[in-house]
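# Observations on chain architecture
Listed below, chain by chain, are the residues.
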Amino acid sequence: MTVLVTGGAGFLGRPLVRRLAELGERVVSFDRSVTGVFGDGVVEVAGDITDGALLERVLREHEVSEVVHGAAIVGVTASVAGLADSVRVNIDGSVALFEALVRTGVRRVVDLSSEETYGHFHADPIGEDDPARPVSPYGITKYAVERLGGYYAEQHGLPYVAVRLCWVYGPGFPRRRLPQPWLEDAAAGLTSSLGQGGDHRIDFTYVDDVVDGIILVLRAEKLEHRAYNLATGHATGIRELAARIAELCPGWQVELGGGPIEMAPGVAAADKGALDISRAKELGYAPRVPLAEGLARTLAALEPTGSDS
Ligand SMILES: NC(=O)c1ccc[n+]([C@@H]2O[C@H](COP(=O)([O-])OP(=O)(O)OC[C@H]3O[C@@H](n4cnc5c(N)ncnc54)[C@H](O)[C@@H]3O)[C@@H](O)[C@H]2O)c1
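Computed from a prediction, not measured in an experiment: that's the story for all the values here.

## Some points on the domain arrangement of the chain
The assigned domain composition of the chain is domain 1 (2-167 + 204-230) and domain 2 (169-202 + 234-302). Its C-alpha centre places domain 1 at a distance of 23 Å from the equivalent point of domain 2. Taken together, the contact between domain 1 and domain 2 spans 37 residues of the former and 40 residues of the latter. Taking both sides of the interface into account, the surface hidden between domain 1 and domain 2 amounts to around 3600 Å²; carbon and sulfur atoms contribute 64%. A per-residue breakdown of the area domain 1 buries against domain 2 is headed by Trp167, Phe204 and Tyr206, which together make up 28% of the total. In this structure, the connection of domain 1 to domain 2 is made through 7 salt bridges. Asp208 is paired through a salt bridge with Arg297; the nearest N and O atoms lie 3.4 Å apart. If you look at where domain 1 meets domain 2, you find 21 residue pairs in polar contact (both at pLDDT 80 or more). Those elements that place two or more of their residues in the side of domain 1 that touches domain 2 are helix 3 (76-81), strand 10 (205-206), helix 7 (207-219) and strand 11 (227-230). With 7 residues, helix 7 is the single largest residue contributor to the side of domain 1 that touches domain 2. By residue class, the composition of the side of domain 1 that touches domain 2 is 20 nonpolar, 8 polar and 9 charged.

Written out as structure tokens, the structure is:
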């Protein structure tokens, strides 16, 4: 059995590939980048997720039996800056993968989806069956992929399931989204500043918990649902996040305005809150890393001796 991880070179992909390899799985990482950081048991293939012929060749050559699909242009900011590219990679790329999988067969495909599919949270905590009305271009692409996954499941028997993640953080986070910039400032002895955002509430989730959850969903014998929230079930206000970081880094300060966070200039984030994780809990999911601990680990990786997990 081989697990294919698309986006295996990314922030979430790397620890997921490593964990699967530690569990004794043969793993193929498919990404436009090759990391060279994985050991034996991991094959890295460089390719574009829209290249269906290459995907099919890789699926057959490595006898791939399970897939975690993470390759994407990630985040609201990137989607606002380059929507056509986000549509091409996120939607066309997923269709290329689903088509190849229908031809080759697979036991399960776990799609790394997002809380952005909900748009403004109309419930807190928000459950998988609450209305999904994405407002950001990124959320719209991720929602389109979920709907297309549902179509391939209904029409072609593709064993598709989506996991909806929320503001995952941890060592090596590659974008300027909280808590990363504040931790970087704190590590560098700088003051932070955020013009607006203090009133936002986010279900921050530590990367190792997400990796555990993805593997649970991948491994579950039978799944009752086509979507699972994988977060913590608790939302933290941005002011409280600032207080937690200040506890960790005495001396660090932030100038913080109220209101919603801007994801891109002039683009306010959707109203958020906690994700209801009852469904995932039924599979045995139990997030273990509290915010203070996750922040401390992320900060430690920024210290000169720290290592990327
Ligand atoms: N990190 C989060 O907070 C979060 C939250 C919700 C959902 N997700 C989803 O999880 C997945 C992984 O996110 P991440 O945070 O690790 O982001 P990331 O940007 O670190 O990883 C995405 C990976 O996809 C690869 N990729 C991009 N375009 C590609 C292409 N055309 N062909 C092949 N590979 C390509 C990139 O090289 C990168 O390694 C994404 O699908 C994202 O939408 C992440």
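Resuming the write-up.
## Section: the packing of helix 8 (residues 238-248) against helix 10 (residues 291-302)
Running from N to C, helix 8 and helix 10 cross one another at 55°; their axes reach a closest spacing of 10 Å. Judged by the angle between their axes, helix 8 and helix 10 are oblique. Considering the relative orientation of helix 8 and helix 10, their crossing is right-handed. Of helix 10, the residues touching helix 8 (which contributes Leu241, Arg244, Ile245 and Leu248) are Leu291, Ala292, Leu295 and Ala296.

## Some words on the environment of Glu247
Position of Glu247 among the secondary structure elements: in helix 8. Along the sequence, Glu247 and Pro179 sit 68 residues apart, while their C-alpha atoms lie 14 Å from each other. A distance of 3.0 Å separates polar atoms of two side chains, one belonging to Glu247 and the other to Arg244.

## With respect to the environment of Arg60
Take Arg60: it is sitting in helix 2 (residues 52-61). Among the residues examined, Arg60 registers a relative accessible area of 46% and is labelled partly exposed. Once the C-alpha coordinates of Arg60 and Ala100 are considered, the two residues, 40 residues apart in sequence, prove to be 9.7 Å apart. Discounting chain neighbours no more than four positions away, the residues touching Arg60 are Arg103 and Thr104.

## Thoughts on the UniProt feature "domain: NAD-dependent epimerase/dehydratase" (unreviewed entry) in the chain
In the numbering adopted here, UniProt assigns the feature "domain: NAD-dependent epimerase/dehydratase" (unreviewed entry) to residues 3-231. Its end C-alpha atoms 23 Å apart, residues 3-231 is made of 39% helix and 21% strand.

## Focus on the site of the ligand
Every one of the 27 residues lining the ligand counts as a neighbour, but Phe11, Asp31, Tyr138, Val168 and Arg175 are closest to it. Here Arg32 contributes a backbone N or O atom positioned 3.2 Å from a nitrogen atom of the ligand. Within the backbone of Ile49, a nitrogen or oxygen atom sits 2.9 Å from a nitrogen atom of the ligand. Bound to the protein, the ligand loses 95% of the 830 Å² it would expose on its own. Looking at the shell around the ligand, the elements with two or more residues in it are strand 5 (108-114) and helix 5 (137-156). Ranked by residue count, the leading element in the shell around the ligand is strand 5, at 3 residues. Considering only residue class, the shell around the ligand consists of 14 nonpolar, 7 polar and 6 charged. Formed jointly, the shell around the ligand draws a minimum of three residues from each of two domains, domain 1 (2-167 + 204-230) and domain 2 (169-202 + 234-302).

What counts and how
Residues numbered from 1 in each chain as written. Predicted model: local features only at pLDDT ≥ 70, side-chain atom pairs only at ≥ 80, totals over all residues. Heavy atoms only, no water. Domains from an automatic or database assignment. Contact = heavy atoms within 4.5 Å. Buried area = accessible area lost by both parts, 1.4 Å probe. Salt bridge = Lys/Arg side-chain N within 4 Å of Asp/Glu carboxyl O. Polar contact = N/O pair within 3.5 Å; in protein donor to acceptor, adjacent residues only side chain to side chain. Helix = DSSP H or I, 4+ residues; strand = E, 2+ residues; numbered from the N terminus. Nonpolar A, V, L, I, M, F, W, Y, C, P; charged D, E, K, R; others polar. Axes fitted to C-alpha atoms, helices over the stretch in contact; angles between N-to-C directions. Parallel < 35°, antiparallel > 145°, perpendicular 65-115°, else oblique. Left-handed = near helix turned anticlockwise from the far one by under 90°. Buried < 20%, exposed > 50% of the residue type's maximum accessible area, 1.4 Å probe, protein only. UniProt positions renumbered as here; feature names shortened; annotations may be inferred. Near = heavy atom within 4 Å. Areas by Shrake-Rupley, 256 points an atom, 1.4 Å probe, with all protein chains shown as cover.

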